[in-house]
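Commentary on secondary and tertiary structure
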Amino acid sequence: MNFVLWVSIMRSTRSIKKAGRRGRRGFLLPVVIILAVTAVGWWGGSKAWRAGTEWLASTSWALLDRIEVRGLMRLPEHDILTAAAVSEGANLMHLDLDSIASRVMELPGVKKADVFMRLPGRLVIRVEERAPIAGIGVGRLLLVDDEGAIFQPEFGGEVLDVPIITGDLKPEGSDPGLKAALKLICDIRTNYPEIYGQLGEINCRDGKLALRLRPAGALVRTDAPTDSRLLRNLQLFLQQKGAELSAATEYIDLRYPAMVITGTRG
């Protein structure tokens, strides 16, 4: 009885092993077929793509007819085209689009550039400009965006409605006063829009920041211009005013947390 049972178990075990080998062969065969088809398709598709590209390059569709620049608000289109440096009548299929984008992004006022083609004959340059949130007055006017990138105005007659950072500044280097002023402006612009709308100047001198509001440079008196509680008080005060400050306003005193005191000229 025990012998018969042992024989039955051994036969079953051999049957399971054979089935396992057949199962593995059955599993591997479809995988091998899929990999082979993929490799052939890739090789054939690559050749087909090259052939299609070469054919397009030989047609009039590939010849550059015009360049379209998108996204400009401040920058002159001429500057973008000059930086792109693409020859008239160039073959679009032979252009290095990434290199064109890199050249455009070297312009100080450009944050990002994408270049792509639209057949027949059209090259598109999509530009994202740097948006100035403040000016820096250091003998000459410079601009700065919310990433801290400093760049020059595009032309002398450009009109910008942004606050100015003044004082003992060195924008070419790592100036702690300038960094503190930029951080404060970004905070005010994000969290206190009424203050930003009336902010005319942030002066940085001897490591201290002083705020002046429009239209006549009313000084914000405070020992802690970055204190969020004081900024909230100023925000509420300006919201209650509902309009631009009077030109006669000489100062706004925030040194008392429970109140805002104003002083006028004359």
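What comes next concerns the included structure. (Residues numbered from 1 in each chain as written. Predicted model: local features only at pLDDT ≥ 70, side-chain atom pairs only at ≥ 80, totals over all residues. Heavy atoms only, no water.)

Let us now look at the overall build of the protein chain. Across its full length, the protein chain carries 6 helices and 12 strands. Burial analysis of the protein chain (266 residues in total) assigns 32% to the buried set. Long-range contacts, defined here as pairs at least 24 residues apart, represent 53% of the contacts in the protein chain between residues at least 6 apart. Surface summary for the protein chain: the accessible area is close to 16,700 Å², and the carbon and sulfur share equals 57%. (Helix = DSSP H or I, 4+ residues; strand = E, 2+ residues; numbered from the N terminus. Buried < 20%, exposed > 50% of the residue type's maximum accessible area, 1.4 Å probe, protein only. Contact = heavy atoms within 4.5 Å. Areas by Shrake-Rupley, 256 points an atom, 1.4 Å probe, with all protein chains shown as cover.)

Further remarks concern the environment of S60. Along the chain, the position of S60 falls in the loop between helix 1 (2–57) and strand 1 (66–70). Overall, S60 belongs to the exposed group, its relative accessible area being 57%.

Throughout the structure, instances matching the rule amount to 0 aromatic pairs. For the cation-ring pair, R221 lies above Y251, with the distance from its terminal atom to the ring centre recorded as 3.8 Å. (Phe/Tyr/Trp six-rings, centres within 6.5 Å; stacked < 30°, edge-to-face > 60°. Lys NZ or Arg CZ within 6 Å of the ring centre and 35° of its normal.)

Turning our eyes to something else, we now look at helix 2 (residues 77–84). Among all positions of helix 2, only I80, A83 and A84 are buried. Relative to the axis of helix 2, the buried residues are bounded by an arc of 100 degrees and lie together on one face. Taken from the residues just after helix 2, A85 is the one with a positive phi, measuring 55 degrees. (Arc of directions from axis to C-beta.)

Attention now goes to the pattern of salt bridges. Applying the stated criterion across every chain, the model contains 12 salt bridges. Close ionic contact of R255 with D253 constitutes a salt bridge, the shortest N to O distance being 2.7 Å. Overall, the relative accessible area of 4% leaves D253 in the buried class. In the salt-bridge network here, residues are joined through shared partners; they are K111, E128, R130, D145 and E147. (Salt bridge = Lys/Arg side-chain N within 4 Å of Asp/Glu carboxyl O.)

Let us now look at the nonpolar core. Within the largest apolar cluster, 33 residues are counted, with the highest numbers of intra-cluster contacts made by I165, I185, I188, I202, L213 and L234. Contributions of two or more residues to this core are made by strand 4 (134–137), strand 5 (141–144), helix 4 (176–191), helix 5 (193–198), strand 8 (199–205), strand 9 (208–213), strand 10 (218–221) and helix 6 (228–241). Judged by nonpolar contacts, the second largest core, of 17 residues, contains L75, L123, I125 and V127. (Core = buried A, V, L, I, M, F, W, Y, C linked by side-chain atoms within 4.5 Å.)

So, about the sheet that holds strand 12 (residues 261–264). Read across the open sheet, the 9 strands follow the order 6-5-4-7-8-9-10-11-12; overall the sheet is mixed. If you trace the sheet from one side to the other, it starts and ends with strand 6 (150–151) and strand 12, each paired once. Note that strand 8 and strand 9 share 6 bridges and pair antiparallel. Each bridged residue has a counterpart across the sheet, and for C204 the counterpart in strand 9 is L209. (Pairing = 2+ DSSP bridges.)

This part is about unusual backbone geometry. Note that the residue after L119, namely P120, is joined by a cis bond; omega there is 5 degrees. The step from R214 to P215 runs through a cis peptide bond, and the omega angle for that step is 0 degrees. Positionally, P215 belongs in the loop between strand 9 and strand 10. Even without a glycine there, the phi angle at A85 is positive, about 55 degrees. Within the secondary structure, A85 sits in the loop between helix 2 and helix 3 (97–105). With relative accessibility at 52%, the residue A85 sits in the exposed group.

Structural measurements only, silent on function.
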